[in-house]
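One-letter residues, chain by chain:
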Amino acid sequence: MARVPLPRFARYVIVGSVVGLGAVLFRELLAWLLPRGGTGTYLTTVVVTYGIAIVASYLLQRQFTFNYELADRRRRVFSLYVVVALVGGAVTSLLSVGVRALLLRVELLAPFADTLAFILGALGASVVTYLLNLWLVFRRTHPG
């Protein structure tokens, strides 16, 4: 029986989901290990987790989604990946704020507005970051 490969975008979403879930769990663990604090402690856990998640995502996307060999362009490719990840964070934020404002107007969905808005914002951003990664970061410079 022949294996049907997953489309590249499906692999991209799966890898992103696994990294995202791992990041949430890691941030919770980090928050549990650090002394209880205010906004500064929270931001520390977010920044550290996001940094680790970008590296993990880069390594996994490079290997499983784009099957990309770096040769001598490792720093440039990683730098571009980080820029795309930051763009994705901005797109997620903008989309989720807009979607949240709409969901808050629907009485039935209002209690779930934060979670739903974040999920929809992240999914929307995944399309943008996938295309940017495909066209800018992991583009092929030679045929095939």
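First, a word on scope: everything that follows refers to the structure included in this document. (Residues numbered from 1 in each chain as written. Predicted model: local features only at pLDDT ≥ 70, side-chain atom pairs only at ≥ 80, totals over all residues. Heavy atoms only, no water.)

Before going further, it helps to examine helix α3 (residues 74-103). Taking 1.5 Å per residue as the helical rise, α3 with its 30 residues ought to reach 44 Å, and the 42 Å between its terminal C-alpha atoms agrees with that figure. Considered for burial, the residues of α3 that qualify are V77, Y81, V84, A85, G88, T92, S96 and L103. (Helix = DSSP H or I, 4+ residues; strand = E, 2+ residues; numbered from the N terminus. Expected span 1.5 Å × (residues − 1). Buried < 20%, exposed > 50% of the residue type's maximum accessible area, 1.4 Å probe, protein only.)

It is worth spelling out the packing of helix α1 (residues 8-33) against helix α2 (residues 39-65) at this point. At a closest axis distance of 9 Å, the pairing of α1 and α2 adopts a crossing angle of 150 degrees. Classed by the angle they form, the pair α1 and α2 counts as roughly antiparallel. Handedness of the α1/α2 crossing: right-handed. For the contact of α1 with α2, the residue count by class is 15 nonpolar, six polar and three charged. (Axes fitted to C-alpha atoms, helices over the stretch in contact; angles between N-to-C directions. Parallel < 35°, antiparallel > 145°, perpendicular 65-115°, else oblique. Left-handed = near helix turned anticlockwise from the far one by under 90°. Nonpolar A, V, L, I, M, F, W, Y, C, P; charged D, E, K, R; others polar.)

Looking now at the packing of α3 against helix α4 (residues 113-137). What describes two packed helices is the angle between their axes and the distance between those same axes. Running from N to C, α3 and α4 point in directions that differ by 150 degrees, and their axes come no closer than 7 Å. The angle between the axes of α3 and α4 places the two elements in the roughly antiparallel class. In this structure, α3 crosses over α4, and the sense of that crossing is right-handed. Here the residues of the contact of α3 with α4 sort into 20 nonpolar, seven polar and two charged.

Another point: the pattern of salt bridges. For the structure shown, the criterion picks out one salt bridge. The partner of R27 in a salt bridge is E28, and the shortest N-O contact between them spans 2.9 Å. Residue classification places E28 among the partly exposed residues on the basis of a relative accessible area of 45%. (Salt bridge = Lys/Arg side-chain N within 4 Å of Asp/Glu carboxyl O.)

Let us now look at the environment of L123. By the element assignment, L123 lies in helix α4. By relative accessible area, which is 44% here, L123 ends up partly exposed. Along the backbone, L123 and S96 are 27 residues apart, and their C-alpha atoms lie at a distance of 9.9 Å.

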